[in-house]
Amino acid sequence: MSGPRYNRTRRQDQRLVAFECQSCDYVSFPDEKRTCKRCGDAPATFEEVQLAERGEIQTFVVQEYLPDDIEVPQPLAIVDLPQADGSGESARVYGLLTETELEELSVGTEVVARFRELFDDGERPINSFKFSVPREVKR
Amino acid sequence: MTDAHVVGSGIVDFGEKYEWSFDDLLEGAYLDLVESVDHGINPTADIDAIWYGTLDIANEGSSGAAVAHATGLFEKPATQIVNACATGSDAFRNAVQAVKAGDIEVALVIGAEKMLDSTEGLIGGAALERLWRGRGVTMPAFFGMRATRHMEQYDTTREQIAEVSVKNHENGTKYPHAHQQFECSVDDVMESATVSYPLNLYDCCPVTDGACAVLVTNDERSREFTDAPVRVAGYGFSTDSFMRGDDLALTNFPASRQASSMAYERSGYGPDDVDVAEVHDCFSITELITYEDLGFCEQGEAGAFIDEGIPHLDGEKPVNPSGGLLSKGHPIGATGVAQIAEIFEQLRGDAGDVQVPDAEVGLQHNIGIGRNATGAVSCVNVLER
Ligand SMILES: [Zn+2]
């Protein structure tokens, strides 16, 4: 299940490459598709944009009930990642959090994307970004 | 064009029905429906078509033919509808459309789900299936994220969210078909095990098996079955995604706003006209948000809305008198059909201990989460006495 998907978005997952709709400025990450999920442009014209590594938590939960092989508590957030050059809209992404104290989490917390192993699919590790509170703002 | 009317309903008690096969559930709801029709029905002669709502969690094979076999209603078109947690409502909506179009005179709408036949039920299954695709988003997490943001943005309190569960469990003790019949306090909710902060166990609906059926027909045939048909005044269905960057989607469900706008427009009724509502409360926060999405209160004021007791059984606008999904349970394909059945009873004055006095206009609402746990579907039906 995760193998093909992993390969399809490997470059985006590893380099924070996203795709900006030229009609409505929606930024899609990690998917690059041919239709726009906001304005419905079909076919849409997307241009590659580079996302910054730092973003802001929009909302979050801390998952306690998960299948046995997944470590809990598992914090999860919606993070807005701005574009690296400061232009245009942010990408809104789901992010698992790591190396973060639960008390540090709130709406508006700044987080940084770290490349980590997410899961393994039984045969190999699945790597992508997790987010953590940057060290210098940690108390 | 003819109107569509609900003229009968049948249900099997929701619960842990290990000993019931899928066919038993369908047969049970169907027989209860046949017996409910005031002036009687000759089902094989009268029923023209069947709409069957199920996600088929138990993997019994996907086809409307399952109903034909379970009921003996052969030689008729039977269609399975799948639309996430709004499956039952959408099955109903499709039948209503066919009746209104004049193509079908009498339709059976039936929904069923065996949630407990999979190893862990839906939440476990969803977690395993979607962990990678949705980057770790399980159902409680998906809804819990709205709770976190709603509390932050509107100063909604954790206690106000818990109050939804307290209300619905209290109602559920008075509703004969509810799965979990116990009362709980705000403290009980707050002290129950954390599932996904900020939601605890008592903020979540149970894993439940069940089936429910309703009979839908046109103007001409309705009086043949009952002197008290319930008219389908309007319906709406819409979809949206969390990830389109709409900030409203962080706290609310824009699809519910779209679906209810359509239903209000078609019916000529607005939120103020609704006397009783059965809405989707898979989690306590879902119902709280739904007050705003359906226009029962202003954006950000859902906490105050429940604090004032407005959605309570004896309040100004009772919501989920049946106990909702939180108490009644959420056998996905049956859920929306059971909500329609409850509104049908309410508008006929047949709702027993949970009857809302003089209810004339009722609203039913289902929301569901689609692929990648990012998309939402929402269905709203408005019925009138
Ligand atoms: Zn666009």
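Scroll up to find the structure.
The structure presented is a predicted model; accordingly, all values stated were derived computationally and were not measured.

A. Examining the side chain of B:Asp293 more closely. Residues and elements named next belong to chain B. When you line up the elements, Asp 293 lands in helix α12 (residues 284-293). Classification of Asp 293 as buried rests on a relative accessible area of 3%. At a separation of 3.0 Å, a polar atom in the side chain of Asp 293 contacts the side chain of Asn 252. What Asp 293 contacts, discounting residues up to four positions off in sequence, is Asn 252, Phe 253, Ser 256, Arg 257 and Ser 260.

B. Helix α11 (residues 254-267) of chain B, seen in detail. Residues and elements named next belong to chain B. Relative to the 20 Å expected for 14 residues at 1.5 Å per residue, α11 spans 20 Å between its end C-alpha atoms, a close match to the ideal helical length. Contacts made by the buried residues of α11 are with β8 (230-241), α10 (248-251), α12, β10 (361-369) and β11 (375-384). Looking one or two places after α11, you find Gly 268, whose phi comes out positive at around 80°.

C. Quick look at the coordination of the zinc ion. Residues and elements named next belong to chain A. Taken together, the protein donors to the zinc ion comprise Cys 21 (SG), Cys 24 (SG), Cys 36 (SG) and Cys 39 (SG), at separations of 2.3 to 2.4 Å. Because the angles between the 4 donor atoms bound to the zinc ion fall within 106 to 112°, the donor set is best described as tetrahedral. Sequence positions of the residues that donate to the zinc ion give the spacing C-x2-C-x11-C-x2-C. You can see Cys 21 sitting in strand β1 (residues 17-21) and its partner Cys 39 sitting in the loop between β2 (27-28) and β3 (46-50), a full 18 residues away along the chain. Cys 21 sits in the buried class, given a relative accessible area of 0%. What makes Cys 39 partly exposed here is its relative accessible area of 38%.

So, how was this worked out
- Residues numbered from 1 in each chain as written.
- Chains lettered and ligands numbered in written order.
- Predicted model: local features only at pLDDT ≥ 70, side-chain atom pairs only at ≥ 80, totals over all residues.
- Heavy atoms only, no water.
- Helix = DSSP H or I, 4+ residues; strand = E, 2+ residues; numbered from the N terminus.
- Buried < 20%, exposed > 50% of the residue type's maximum accessible area, 1.4 Å probe, protein only.
- Polar contact = N/O pair within 3.5 Å; in protein donor to acceptor, adjacent residues only side chain to side chain.
- Contact = heavy atoms within 4.5 Å.
- Expected span 1.5 Å × (residues − 1).
- Donors = N, O, S within 2.8 Å, 3.2 Å for Na, K, Ca; no water.
- Tetrahedral: all angles 85-135°; square planar, octahedral: opposite > 155°, others 65-115°.

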